[in-house]
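Chain by chain, the residues:
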Amino acid sequence: MSEITKVALDAMGGDNAPVEIVKGAVEAVQKRKDIQILLTGQEDVIKNELAKYTWPENQIRIVNATEVIETAEPPVKAIRGKKDSSIVVAMKMVKNGEADAFVSAGSTGAVLVGGQVLVGRIKGVERPPLAPLFPTLTGVSLLIDCGANVDARPSHLVQFAKMGSIYMESVMGKKNPTVGIVNIGAEEEKGNALVKETFPLLKACKDINFVGSVEAREIPYGKVDVIVCEAFVGNVILKLYEGVGGALIKKVKQGMMSSLRSKIGALLVKPALKATLKDFDASEYGGAPLLGLKGLVVKTHGSSTSTEICNSIIQCVTFKEQKINEKIKAAIQETQEEIKESE
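This structure is a prediction, so every number in the text was calculated from the model and none was measured.

Student: Lay out the side chain of Ser85 in plain terms, naming residues and giving numbers.
Tutor: With respect to the helices and strands, the residue Ser85 is situated in the loop between α3 (75–81) and α4 (86–95). Taking the relative accessible area as the measure of exposure, Ser85 reaches 0% and is therefore buried. Reaching out from Ser85, the side chain makes a polar contact with the backbone oxygen of Lys82 at a distance of 2.9 Å.

Student: Outline the packing of aromatic side chains, listing residues and values.
Tutor: Geometrically, a pair of aromatic rings is defined through the distance of the ring centres and the angle of the planes. On inspection of all chains with the given rule, the structure shows 3 aromatic pairs. Judged by centre distance (4.6 Å) and plane angle (65°), the ring pair of Phe134 and Tyr241 falls under edge-to-face. Linking Phe134 in strand β5 (residues 133–136) with Tyr241 in helix α8 (residues 231–256), this pair joins segments that are 107 residues apart in sequence. Since its relative accessible area comes to 3%, Phe134 is described here as buried. Summarising the aromatic geometry, the rings of Phe199 and Phe210 are spaced 5.1 Å apart at their centres and angled 80° between planes, so their arrangement reads as edge-to-face.

Student: With reference to specific residues and values, describe the packing of helix α6 (residues 154–170) against helix α7 (residues 193–203).
Tutor: Where α6 contacts α7, the two axes come as close as 9 Å, and the packing angle between them is 50°. It follows that α6 is oblique to α7 by the angle criterion. At the point where α6 passes α7, the crossing takes the right-handed sense. Across the interface between the two elements, Pro154, Leu157, Val158 and Ala161 from α6 touch Leu194, Glu197, Thr198, Leu201 and Leu202 from α7. Within the contact of α6 with α7, the residues separate by chemical class into 7 nonpolar, 1 polar and 1 charged.

Student: How would you sum up the packing of helix α1 (residues 19–31) against helix α2 (residues 43–50)? Please name residues and give values.
Tutor: Axis separation between α1 and α2 bottoms out at 10 Å; the angle between their running directions is 60°. Taken together, α1 and α2 sit at an angle that is classed as oblique. Considering only the axes of α1 and α2, their crossing is right-handed. Facing Val19, Val22 and Val26 of α1, the residues of α2 in contact are Ile46, Glu49 and Leu50. Its residues assigned to classes, the contact of α1 with α2 comprises 5 nonpolar, no polar and 1 charged.

Student: Before we move on, could you go through the sheet that holds strand β1 (residues 5–10) and cite the residues and values that matter?
Tutor: The strand order across the open sheet formed by 6 strands is β3-β2-β1-β4-β11-β10, and the pairing between neighbours is mixed. This sheet does not close on itself; its edge strands, each paired only once, are β3 (60–64) and β10 (288–289). The pairing of β1 with strand β4 (residues 101–104) spans 3 bridges and is parallel. Residue Leu9 lies in a different strand from β4, and its bridge partner there is Val103. Each of β2 (35–41) and β3 touches α2; the most contacted strand, β3, lies at about 155° to it. In this fold helix α10 (residues 306–321) packs onto β1, β2, β4, β10 and β11 (296–299), with an angle of close to 145° to the strand it touches most, β1.

Student: Lay out a positive patch on the surface in plain terms, naming residues and giving numbers.
Tutor: Taken together, the side chains of Arg80, Lys83, Lys92, Lys95, Lys294 and Lys329 present a region of like positive charge at the surface. Here Lys92 lies in helix α4. Looking at Lys92, the relative accessible area reads 35%, which means it is partly exposed.

Student: Break down the sheet that holds strand β9 (residues 226–228) for me, with residues and values.
Tutor: A sheet is described by the order of its strands in space; here 5 strands give the open sequence β5-β6-β9-β7-β8, paired in mixed fashion. Of all the strands in the sheet, just β5 and β8 (209–214) have a single pairing partner and so form its edges. Each neighbouring strand pair of the sheet contributes to a mean axis angle of 30°, computed without reference to strand direction. As defined by bridge partners, strand β7 (residues 178–182) adjoins β9 across 3 bridges and the pair is classed as parallel. Of the residues in β9, the one forming a bridge with Ile181 is Val228.

Student: Can you lay out the pattern of salt bridges for me, pointing to particular residues and giving the numbers?
Tutor: In total, this model carries 13 salt bridges according to the counting rule given. Where Glu215 meets Arg217, a salt bridge forms, and the shortest distance between an N and an O atom there is 3.7 Å. Assessed through its relative accessible area of 17%, Glu215 is described here as buried. In this structure Arg217 comes out as exposed when scored by relative accessible area, which is 62%. A salt bridge links Lys223 to Glu218, with the shortest nitrogen-to-oxygen separation between them at 3.4 Å. Lys223 gets classed as partly exposed once you look at its relative accessible area, which sits at 41%.

So, how was this worked out
Residues numbered from 1 in each chain as written. Predicted model: local features only at pLDDT ≥ 70, side-chain atom pairs only at ≥ 80, totals over all residues. Heavy atoms only, no water. Helix = DSSP H or I, 4+ residues; strand = E, 2+ residues; numbered from the N terminus. Buried < 20%, exposed > 50% of the residue type's maximum accessible area, 1.4 Å probe, protein only. Polar contact = N/O pair within 3.5 Å; in protein donor to acceptor, adjacent residues only side chain to side chain. Phe/Tyr/Trp six-rings, centres within 6.5 Å; stacked < 30°, edge-to-face > 60°. Axes fitted to C-alpha atoms, helices over the stretch in contact; angles between N-to-C directions. Parallel < 35°, antiparallel > 145°, perpendicular 65-115°, else oblique. Left-handed = near helix turned anticlockwise from the far one by under 90°. Contact = heavy atoms within 4.5 Å. Nonpolar A, V, L, I, M, F, W, Y, C, P; charged D, E, K, R; others polar. Pairing = 2+ DSSP bridges. Patch = residues over 30% accessible without salt bridge, like charges linked within 9 Å, V, L, I, M, F, W, Y side chains within 5 Å. Areas by Shrake-Rupley, 256 points an atom, 1.4 Å probe, with all protein chains shown as cover. Salt bridge = Lys/Arg side-chain N within 4 Å of Asp/Glu carboxyl O. Lys, Arg positive; Asp, Glu negative; His and termini not counted. Charge placed at Lys NZ, Arg CZ, Asp CG, Glu CD.

In structure tokens, the structure reads:
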């Protein structure tokens, strides 16, 4: 029998909580027997939602938390002040070893602050980045960072590249993944001060497969496996990607419904189109892990449906099995030793 992965799930976080969160938890345990979910939040509310479903009782447990951190609240103040919130209670379970992972669709700021303050960083990690997978023409790419560090330094981006490479190789099975830094041109001398300073540092890294600059238009084509940037740029890329994708789908649907002939054609292409759109559905790949922490923290979209919640929970099993945190810790320590030897 496989080892059980315990996932603390914030039942109160997100635009669709607790309805979609609880539904996603039920879907996860119906798919996998090696998962136990600890739903943190207001017990009565969670019980009412769970009553709608049939589920293996030994795989879902409610952990009462009386407070809720709202999206608009100042993150540091919320984490310190609301000690009985669903986010804080769940993260403390990860810190104390009662849970292997934490998943939330709630306040991004609170999750980022809580991850660093409560769960803690791996020694040597300067800044934990958020790293979502998203679909491309050739498969998937990892965008790192997409929201955690808007004022990053070159050394931060170098660590992002190393952590992203470990993720893609261990979780996605991509051998020797290619790494590129987001830039406004292919030439090494282009870019802002951060990119210009980071480029030669990445070029000098022997433990990553750095291939140079990647322009935004090349990202959807899957030019590189690991896309490195600071969080401001990464978040803009991610949001634009999602927006363009949604708008394009709406235009395609409008075109298909514009005449009788197009409606007939739509019926013929519907199966193939449905399969293609599923490949480009980011929710199929789960949430964004906050890499470089002592425990696993996964942030999903605030608007997550049960599908993304379910996939984020299942994603945690792979993280645990592949010992991602242990591999990142070893890589960071090795880098620090090399720096000491060169001094």
